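# A closer look at the structure
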Amino acid sequence: MAVSRLDVFYRRLLLTKLFIGGWGKPEDLKRIFEFRKIIGDREKCKSLVPMDYPVYINKTEDLTDCKVHDGFFMSPLEHLVPGILPPEAVKARFQFIVPKKWQRNRPVCIHLAGTGDHFFWRRRTLMARPMIKEAGMASLLLENPYYILQRSSLKNVSDLFVMGGALILESTVLLRWLERDGYWPLGMTGISMGGYMASLAVTNWPKPIPLIPCLSWSTASSVFTTGVLSKAVNWTELEKQYAVNSVYEEEIIKLLEYCGMYFFRPYRPALVCLFSFTVMTNYCVAQMIVVLLHDKPLCSHSSFCCLTALFFILKIFFLSVFRNCGAHNSHWKKTDSAKLNRPSLHKESISFMKGVMDECTHMANFSVPVDTSLIIVVQAKEDAYIPRTGVLSLQEIWPECEVRYLNGGHISAYLFKQNVFRQAIYDAFNRFCLKYPNLH
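- For the protein chain, an unreviewed UniProt entry supplies the name Abhydrolase domain containing 18 and the organism Amphiprion percula.

## Concerning the side chain of His410
- Looking at the element boundaries, His410 is found in helix 15 (residues 410-416).
- Of note is the side chain of His410, whose polar atom sits 3.2 Å from the side chain of Ser192.
- A distance of 2.8 Å separates the side chain of His410 from the side chain of Asp383, its partner in a polar contact.

## Things to note about the nonpolar core
- If you look at the biggest cluster of nonpolar residues, it comprises 98 residues, and the most contacted ones within it are Trp23, Phe33, Phe96, Phe161, Met188, Phe224 and Met353.
- Apart from residues lying up to four places away in sequence, Phe96 is in contact with Lys67, Val68, His69, Val108, Ala138, Ser139, Leu140, Trp177, Leu178 and Tyr183.
- In terms of nonpolar packing, the next biggest core, distinct from the first, is built from 19 residues, Met137, Ile212, Val378 and Ile425 among them.

## Thoughts on the environment of Tyr56
- Within the element layout of this structure, Tyr56 appears in strand 1 (residues 56-62).
- Relative accessible area serves as the criterion here: at 43%, Tyr56 is assigned to the partly exposed category.
- Residues Tyr56 and Gly71 lie 15 residues apart in sequence; the distance between their C-alpha atoms is 5.4 Å.
- Those residues in contact with Tyr56 that lie beyond four places of it in its chain are Asp70, Gly71, Phe72 and Phe94.

## What to know about the packing of aromatic side chains
- The full count for this structure, using the stated rule, is 15 aromatic pairs.
- Geometry around Tyr183 places Arg106 over its ring, the cationic atom sitting 4.1 Å from the centre.

## Focus: the packing of helix 8 (residues 235-244) against helix 13 (residues 345-361)
- It is the contact of helix 8 with helix 13, at a shortest axis distance of 9 Å, that shows an interaxial angle of 90°. If you check the angle between helix 8 and helix 13, you find them roughly perpendicular. Taken together, the residues of helix 13 that come into contact with helix 8 (itself represented by Trp235, Leu238, Glu239, Tyr242 and Ala243) are Leu345, His346, Glu348, Ser349, Ile350, Phe352 and Met353.

## Structural notes on the side chain of Gln418
- Structurally, Gln418 can be placed in helix 16 (residues 418-435).
- Excluding residues that lie within four positions of it along the chain, Gln418 makes contacts with Leu126, Met127, Ile191 and Ala413.

Scoring rules and cut-offs
Residues numbered from 1 in each chain as written. Predicted model: local features only at pLDDT ≥ 70, side-chain atom pairs only at ≥ 80, totals over all residues. Heavy atoms only, no water. Helix = DSSP H or I, 4+ residues; strand = E, 2+ residues; numbered from the N terminus. Polar contact = N/O pair within 3.5 Å; in protein donor to acceptor, adjacent residues only side chain to side chain. Core = buried A, V, L, I, M, F, W, Y, C linked by side-chain atoms within 4.5 Å. Buried < 20%, exposed > 50% of the residue type's maximum accessible area, 1.4 Å probe, protein only. Contact = heavy atoms within 4.5 Å. Phe/Tyr/Trp six-rings, centres within 6.5 Å; stacked < 30°, edge-to-face > 60°. Lys NZ or Arg CZ within 6 Å of the ring centre and 35° of its normal. Axes fitted to C-alpha atoms, helices over the stretch in contact; angles between N-to-C directions. Parallel < 35°, antiparallel > 145°, perpendicular 65-115°, else oblique.

What follows is the structure, encoded as structure tokens:
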């Protein structure tokens, strides 16, 4: 896939580093992965957020074309996984931007924040107020949990997963609050990371709903392992923690469900030999049984060939096991210094990153939205931030969704294609109204 030069150049201008604190506390990762198994199943989540969850408006401002309501509520994640959120993020904050006069229905689109989209100004200026002017559509802007009262990138890998869990539950609170007050139809959108989070939130909603993820894809794993953002990841600290603390390799890997055979790459030659050994052993035993049943001497040519093949496969198998598994696990016998210098450490850390990212962000790990025909994805053809090569496409996970491709990359699309994002929102809402005119 060709990548945008502007994306690469822009990333080089930024000096910020991602995940400077490392992976996060192992106990936090364990709690998050266990909770992911619940929140990834829509049926299990029906009763997590009460229908009458309290939401408060504490300020209203009159502008020339709209009213801006500032509101807050307590994040449900604090009740379900106590202490996992930083203290300043326990109270979720939002802005509700409504037209002074509704044209017909009272449609509302919830916008989740992209990377670095602190507070509300950017979404309010580029999306919410133009949507009131163009379509009479209200917008609800939910603040990112880790962007409240601070302007810093995510310090730990685990922070991204905590953020996702919080936004899924907080979106449910807001959708139910809007439903109670008679707003209709309701939908969700977001750009870049906001698109990922909006997609995750919709997988948990038990009704058909328009979804418009812009400049996002099926998983965040490629973003941090092969995309241009991978250059901003603090791999030095991640590799150090992965090498020194064996809990990542010995315990946390066992909690990962999506990665499947990915972590067995160092053992593949051994596994291939094991498979071959099993097949050949069965074949040789079968041949020897045939020989014995026919009452032929065991030193016959056929049995000799079988035994020779059996010993040959045994030799290859054990050599491969000792060479690969022994090399991979040799850190158990080395000092911390030796662990940090093992040649495969960087590849192992990337593999671990891919595994944990897929576990918590891959759409295949979550329920399929109730009606995928209401999903319009907007993607840039040359997006260097969101690589699509080597990962499942959204069409494979959500077969009826529509994907619209823009020329150019991530940055140029964000700067110059906001109108395209808004049009996709209007189209998805219109599609919903035609298909479900009485669903409110």
